[in-house]
Amino acid sequence: MDAALPRLRELLLQLLMGASITGLAYFFYRWYTVRMKFRRLKAMGLPMMPHSMLWGHLGKLFELAINPKGLPDDMAINYMQWHLVRDWKRHFPDEEHCPHVIYMDWWPLSVSYVLVTDPAVASQYMQHPSAPKIIADKNFVYPFTRNLDLISMDGDEWKEWRARANPCFSARNILAQLPEIIEEMQIFVGLIKDRAGKNGAWGDIFQLEELALNLTFDIVCRTTVGASFGAQVTPKGSQWGMREAFEDVSQLFIFDVNMFSVWSYISPIRNYRLWRGRRIADRTLMPFIERQAKLARGEEPSPHKTIIETALKHDKRSAQPPKLVGRHLETVLAQLKGFIFAGHDTTATSLCWAIHALQKHPEALEKMRAEHDAVFGPDPRMAVQRLHQDPALINSLPYTTGVVKETLRLYPSVVTSRKGSKDLNLVNVPGYEGLSFPTEGMMLWDGAQAIQMREDLWPRAAEFVPERWSAPAGDPLYPPKDGLHTFSAGPRSCIAKDLAMTEMKLGLVMLSREVDFTEPWDEWDRQQGRMSEDTKGAVVREYEGDRLYQVRTPTVPRLKDGVPVKVRLRQ
Ligand code: HEM
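Residues numbered from 1 in each chain as written. Predicted model: local features only at pLDDT ≥ 70, side-chain atom pairs only at ≥ 80, totals over all residues. Heavy atoms only, no water.

K.L.:
Just give me the short version of the overall build of the protein chain, but keep the residues and values in it.
P.N.:
Counting secondary structure elements, the protein chain contains 21 helices and eleven strands. Taking 25 Å as the expected radius of gyration for a compact globule of 571 residues, we find that the protein chain reaches 26 Å, a close match to that expectation. The averaged location of the 68 negative side-chain charges in the protein chain is 4 Å from the averaged location of its 71 positive side-chain charges. (Helix = DSSP H or I, 4+ residues; strand = E, 2+ residues; numbered from the N terminus. Rg over C-alpha atoms; globule rule 2.2 N^0.38 Å. Lys, Arg positive; Asp, Glu negative; His and termini not counted. Charge placed at Lys NZ, Arg CZ, Asp CG, Glu CD.)

This is the structure:
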């Protein structure tokens, strides 16, 4: 026994050393092969930012996103897309043109990226046909849905589930859901009006984003299971329910598992929180699934089609009762969670941006209010009644639609990605015709943030110009083909874009003539105990002259400090 122990220890030590040497050898091998791959691309004559054999392009990542000079250090990574295009001469000193296919070697922090900042080039992998989702996208929602959700699926499985869900987002079904959206919006508007001061005075500061998140969470749950979980009316912190579970889990997502993030990835605390969130969501959704499965054929509990109904429909058509077990049950649960996940913070942050943009552009706000007066009559309280009588009026607001689209152009939310492959070489890149850009082993990063700011595609690109969305073909302001990427493009573009836009338009109709907003950043800074010297430059708190900007999160970029606002009632 005494002799066996040291031998065992020695054996373990040898194993450990063997594993470390193999690990190190693999690390250096990968290092060399990745860096050499980028060298070969450059040797092919493809545009390349200065590339270090030691660091790849990590220096650029640090300079543009992690510690950007003169910019807030918590700003969303997506902004770097625009900075690369705007300052292309600095990043590509040897080039004559701005390259709209940009290779980025971020190993070992991340997979290699190909950023595409031209809509026609992007259509080569988004539309003709859509390339598969990249594994990183899958890791991203995996803990919550085991990748059995529409966002992560690919191939025939994706096609089948997309076809099942499509009817929920038809124009007819969205109008059928409108009364429920109005109901949630009335709660939202009421909560905002409660925060106004007396007699037309400004009220106290509050964070708009939180209220908007609760609103869109309740709406997307109605779309998904036909019921609201009352996030808007549940006092904050009073319970640990669906909304809290989704919020907690979304903070734990890890986009890319690498040697630095692996410790967080395997952390027992993180995994316990993921398990807890998944359990709460599954237990809350299960009764809805059971109820839906028991309904007789043709019997529907909701006045509009819901995701849960379409998810179980297939089984109801077959002779056998649905077998809600195993992978099938897991897929139905994953679909519901996937929709709830995809459908709330995207829409909430976009609505907040619309309110922000209108506050910065009073002339656009006045024009929009005039359109609402013309369509719904001068009394703002009558808008809801008119919409109940004729829901299609929500689609008769060209200027408001322009406001929404212009907001989505200037402030895109999530940006998507695809998987490169050896059969997918990008061609006809403006300025580089005749060259072929390989994508094998790389992540194609959609450049929505840059595409939508390009002055050569969008005249007056940096300005808020809702009128461009009603400009006739031939007008210089007429939007470029496939230029709006906020919902992405092609067969895999956002399934719910029309629903999201309806939510935003309705929010603007019901709010803009009732209240005025202001963003009192100085007062907010004082409340937060921020030092005045910080706000004078030591800590950068503005992005391009705006105190409101997108901040980094593990998922959808959120808004700085949750958008502190004050409101007053309009007289
Ligand atoms: C302003 C709000 C929204 C924005 C900006 C947005 C944006 C996007 C984007 C960029 C994609 C990726 C498309 C791709 O990879 O090509 C996407 C996909 C998706 N979105 Fe949205 N979205 C919004 C609202 C919603 C809502 C309200 C829902 C649910 C009711 C939703 C459900 C989905 C789903 C399920 C997918 C995956 C579609 C597929 O792969 O077939 N989204 N969205």
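K.L.:
Lay out the sheet that holds strand 3 (residues 206-207) in plain terms, naming residues and giving numbers.
P.N.:
Taken together, the three strands give an open sheet; going across it, the order is 3-11-8, and neighbouring strands pair in antiparallel fashion. In this open sheet, the two edge strands, each paired with only one partner strand, are strand 3 and strand 8 (515-518). Pairing geometry for strand 3 and strand 11 (residues 564-569), over two bridges, is antiparallel. By the bridge assignment, Phe 206 is partnered in strand 11 with Val 565. (Pairing = 2+ DSSP bridges.)

K.L.:
Can you lay out the environment of Arg 468 for me, pointing to particular residues and giving the numbers?
P.N.:
With respect to the helices and strands, the residue Arg 468 is situated in the loop between helix 18 (448-451) and helix 19 (497-512). Remark: the alpha-carbon pair of Arg 468 and Val 403, spanning 65 residues in sequence, is separated by 9.7 Å. At 2.8 Å, the side chain of Arg 468 and the backbone oxygen of Pro 459 are in polar contact. (Polar contact = N/O pair within 3.5 Å; in protein donor to acceptor, adjacent residues only side chain to side chain.)

K.L.:
An account of the coordination of the iron atom of the ligand is requested, with residue identities and associated values reported.
P.N.:
As a benchmark, a tetrahedral metal site with four donors has ideal angles of 109.5 degrees, while an octahedral site with six donors has ideal angles of 90 or 180 degrees. Donor atoms from the protein around the iron atom of the ligand number only one, Cys 494 (SG), found at 2.3 Å. Checked against the element boundaries, Cys 494 lands in the loop between helix 18 and helix 19. (Donors = N, O, S within 2.8 Å, 3.2 Å for Na, K, Ca; no water.)

K.L.:
Before we move on, can you summarise unusual backbone geometry with the specific residues and values?
P.N.:
In this chain, Trp 107 is followed by Pro 108 through a cis amide linkage whose omega measures 5°. Positionally, Pro 108 belongs in the loop between strand 1 (101-104) and strand 2 (112-116). Of note in this structure, Asn 147 is not a glycine but carries a positive phi near 60°. Here Asn 147 lies in the loop between helix 6 (135-145) and helix 7 (155-165). Asn 147 sits in the buried class, given a relative accessible area of 16%. One non-glycine residue, Asn 428, adopts positive backbone phi at about 55°. Its place among the elements puts Asn 428 in the loop between strand 5 (425-426) and strand 6 (437-438). (Buried < 20%, exposed > 50% of the residue type's maximum accessible area, 1.4 Å probe, protein only.)

K.L.:
Any chance you could break down the pairing of strand 2 for me, citing the residues and the numbers?
P.N.:
With five of five residues buried, strand 2 is to be regarded as a mostly interior element. Of the two faces of strand 2, the one holding Ser 112, Val 114 and Val 116 and the one holding Tyr 113 and Leu 115 are both buried throughout. Two strands pair when backbone bridges link them, and strand 1 and strand 2 are joined in this way by four bridges, in the antiparallel orientation. Following the sheet pairing, Val 101 is matched in strand 2 by Val 116.

K.L.:
Mind laying out the side chain of Arg 547, listing which residues take part and the relevant values?
P.N.:
Note on placement: Arg 547 falls in the loop between helix 21 (532-538) and strand 9 (550-551). A distance of 2.8 Å separates the side chain of Arg 547 from the side chain of Asp 525, its partner in a polar contact. At a separation of 3.1 Å, a polar atom in the side chain of Arg 547 contacts the main-chain carbonyl oxygen of Arg 541. In this structure Arg 547 touches Trp 521, Asp 525, Arg 530, Arg 541, Glu 542 and Lys 560, once residues within four positions along its chain are discounted. (Contact = heavy atoms within 4.5 Å.)

K.L.:
If you had to explain the UniProt feature "transmembrane region" (unreviewed entry) in the protein chain to someone new, which residues and values would you point to?
P.N.:
In the numbering used here, UniProt assigns the feature "transmembrane region" (unreviewed entry) to residues 12-32. Secondary structure content for residues 12-32 is 100% helix and 0% strand, and the end C-alpha separation is 30 Å. (UniProt positions renumbered as here; feature names shortened; annotations may be inferred.)

K.L.:
I'd like a rundown of a nonpolar patch on the surface, residues and numbers included.
P.N.:
Together, Leu 5, Leu 8, Leu 11, Leu 12 and Leu 15 give the surface a local cluster of nonpolar side chains, amounting to about 510 Å² of exposed area. Within the fold, Leu 5 resides in helix 1 (residues 4-43). By relative accessible area, which is 47% here, Leu 5 ends up partly exposed. (Patch = residues over 30% accessible without salt bridge, like charges linked within 9 Å, V, L, I, M, F, W, Y side chains within 5 Å. Areas by Shrake-Rupley, 256 points an atom, 1.4 Å probe, with all protein chains shown as cover. Salt bridge = Lys/Arg side-chain N within 4 Å of Asp/Glu carboxyl O.)

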